[in-house]
Amino acid sequence: MRVVVCLKQVVDPLTPATDLALDQAATKIRQAVPGPPVINGYDEQALEAALRLRESLGDLEIVGLSLGEKFDTDVMKRSIAVGADKLVLVQDPSLDTWDSRLVATTLAAAIRHLGGADLVLCGRQASDWDHGVVPILLADALGMPCLTLARAVAVQGQTVEIDRVISDGTQLMSADLPAVVTVTSELGDLRLPTARARLATARVQPTVIPLAELGVQPAPARTVTGDLSIPLVGRACTYFDAADPAAAGRALAEAILAATGGASA
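Because the structure is a prediction, the values reported are computed rather than measured. (Residues numbered from 1 in each chain as written. Predicted model: local features only at pLDDT ≥ 70, side-chain atom pairs only at ≥ 80, totals over all residues. Heavy atoms only, no water.)

Caption draft 1: Quick peek at the overall build of the chain. Per the secondary structure count, the chain includes 7 helices and 13 strands. With respect to the three principal axes, the spread of C-alpha positions in the chain is 80 × 45 × 45 Å. Taken over 265 residues, the chain has a buried fraction of 37%. Looking at the chain alone, contacts between residues at least 24 apart form 72% of all its contacts between residues at least 6 apart. For the chain, the exposed surface amounts to about 14,600 Å²; the carbon and sulfur share of it is 53%. If you average the places of the 22 positive and of the 31 negative side-chain charges in the chain, the two averages end up 4 Å apart. (Helix = DSSP H or I, 4+ residues; strand = E, 2+ residues; numbered from the N terminus. Buried < 20%, exposed > 50% of the residue type's maximum accessible area, 1.4 Å probe, protein only. Contact = heavy atoms within 4.5 Å. Areas by Shrake-Rupley, 256 points an atom, 1.4 Å probe, with all protein chains shown as cover. Lys, Arg positive; Asp, Glu negative; His and termini not counted. Charge placed at Lys NZ, Arg CZ, Asp CG, Glu CD.)

Caption draft 2: Spotlight on helix H4 (residues 100–113). Taking 1.5 Å of rise per residue, the 14 residues of H4 would be expected to cover 20 Å, and the 20 Å separating its terminal C-alpha atoms lies within 8% of that figure. Within H4, 10 of the 14 residues are buried, which leaves it mostly tucked inside the rest of the structure. Ser 100, Leu 102, Val 103, Ala 104, Thr 106, Leu 107, Ala 108, Ala 109, Ala 110 and Ile 111 are the residues of H4 that are buried. In the core, the buried residues of H4 are packed alongside strand S1 (2–6), strand S6 (61–68), strand S7 (86–91), strand S8 (119–123) and helix H5 (134–142). (Expected span 1.5 Å × (residues − 1).)

Caption draft 3: Spatial organisation of the pairing of S7. Here S6 pairs with S7 via 6 bridges, running parallel. Note on S7: the bridge partner recorded for Gly 64 is Leu 87. Pairing of S7 with strand S13 (residues 207–210) involves 4 bridges; the strand directions are parallel. Along S13, the bridge assignment pairs Val 88 with Thr 207. (Pairing = 2+ DSSP bridges.)

Caption draft 4: Region of interest: the nonpolar core. Within the largest apolar cluster, 35 residues are counted, with the highest numbers of intra-cluster contacts made by Val 5, Ile 62, Leu 119, Leu 121, Val 153, Val 160 and Val 181. Of all the elements in the fold, those that place two or more residues in this core are S1, helix H1 (41–57), helix H2 (73–76), S7, S8, strand S9 (146–156), strand S10 (159–166) and strand S12 (179–183). At 6 residues, the largest contribution of residues to this core is made by H1. Apart from the residues within four sequence positions on either side, Val 181 is in contact with Leu 119, Val 120, Leu 121, Cys 122, Leu 147, Ala 150, Val 153, Val 160 and Ile 162. Formed by 29 residues, the second largest nonpolar core is a distinct cluster that contains Cys 6, Val 90, Ala 117 and Cys 122. (Core = buried A, V, L, I, M, F, W, Y, C linked by side-chain atoms within 4.5 Å.)

Caption draft 5: Seen up close, the layout of surface pockets. For the largest pocket, the calculated volume is near 1,300 Å³. Lining the largest pocket are 49 residues, with Lys 8, Gln 9, Val 10, Val 11 and Asp 128 positioned closest to its centre. Of all elements in the fold, only strand S2 (9–10), strand S4 (28–31), S6, H4, S8 and H5 reach the threshold of two or more residues within the lining of the largest pocket. Volume-wise, the second largest pocket comes out at about 180 Å³. Taken together, Trp 98, Asp 99, Ser 100, Arg 101, Trp 129, His 131, Val 133, Arg 222, Thr 223 and Thr 225 make up the full set of residues lining the second largest pocket. (1 Å grid on protein atoms, 1.4 Å probe; cavity = no way out; pocket = protein on both sides within 12 Å on 5 of 7 lines; lining within 4 Å. Points joined across faces, edges and corners; volume = space filled by probe spheres on them.)

Caption draft 6: View of the side chain of Asp 99. Position of Asp 99 among the secondary structure elements: in the loop between S7 and H4. Salt bridges are absent for the buried Asp 99, whose nearest opposite-charge side chain, Arg 101, sits at 6.0 Å. When near neighbours in sequence (up to four residues on either side) are disregarded, Asp 99 contacts Ala 219 and Ala 221. (Salt bridge = Lys/Arg side-chain N within 4 Å of Asp/Glu carboxyl O.)

Caption draft 7: A look at the sheet that holds strand S11 (residues 169–176). Spatially, 9 strands are ordered S11-S10-S9-S12-S8-S1-S6-S7-S13 in an open sheet, and the strand pairing comes out mixed. The open sheet has two edge strands, S11 and S13, and neither has a second partner. With strand direction ignored, the average angle separating the axes of adjacent strands in the sheet is 30°. Sheet topology places S8 next to S12; 5 bridges connect them, and they run parallel. Its bridge partner being in S12, Leu 119 is matched across the sheet by Ala 179. (Axes fitted to C-alpha atoms, helices over the stretch in contact; angles between N-to-C directions.)

Caption draft 8: Geometry of the pairing of S10. For S9 and S10, the ladder comprises 6 bridges, and the chain directions are antiparallel. Note that in S10 the partner of Gln 156 across the bridge is Thr 159. In this antiparallel pair of consecutive strands, S9 and S10, the connection spans 2 residues, and Gly 157 shows a positive phi of 65°. One ladder, built from 8 bridges, connects S10 with S11; its direction is antiparallel.

Note that every value here comes from positions in space, so none of it alone points to a role or purpose.
Take a look at the structure:
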């Protein structure tokens, strides 16, 4: 059984807003202060789901698949350090994009190029654009059913089963394989690699595939970003000098009313 896990390299979501910069021409957010990227957190949890499946099923191949303009190889090779059998990187400048359709089309072409998959696992969404639509578009492109927001994934014969959280409890869902499943944070964090595995991974090289080899032709995006901004939150503190607490309270109330357009008492 082959499981393909879709992994996205993203700007570390813990990066302070002051360390980010806008590229308005390319409608992209970049790190102004150099720092390593990370694998999208939800995608790491999808990889953890694949590792747990192998523990329960035994004979299972795990392939990490990622698209992008350029990669931090050490960051992406963490997927191999924790147990993935192979890492495949599709590299092209056009893949540094927010165009979900191009991403899904390219992922589908790459999976076919690799010989297909019995199960495709994705994070529920990426921490950069937060669209959360690539897995659904990918399932459509591959002609597979899509189960979403799994906190647990199991395979019984030719059926994949998931457990998902809903507003008033849990929901069990299943689909015939092959299928696409999105994984959410309730599944738990990706395990840490051992020191020995990290050392062994240093000798492993990912498979890099040019976009042209997949026969995918980038087309104009069907959506347009009108504006892009980084919200910066500031704080200010005003002190009121007063003869007694009651006077300070009145001064504070007057300031709040003035700031909110309220009437003076």
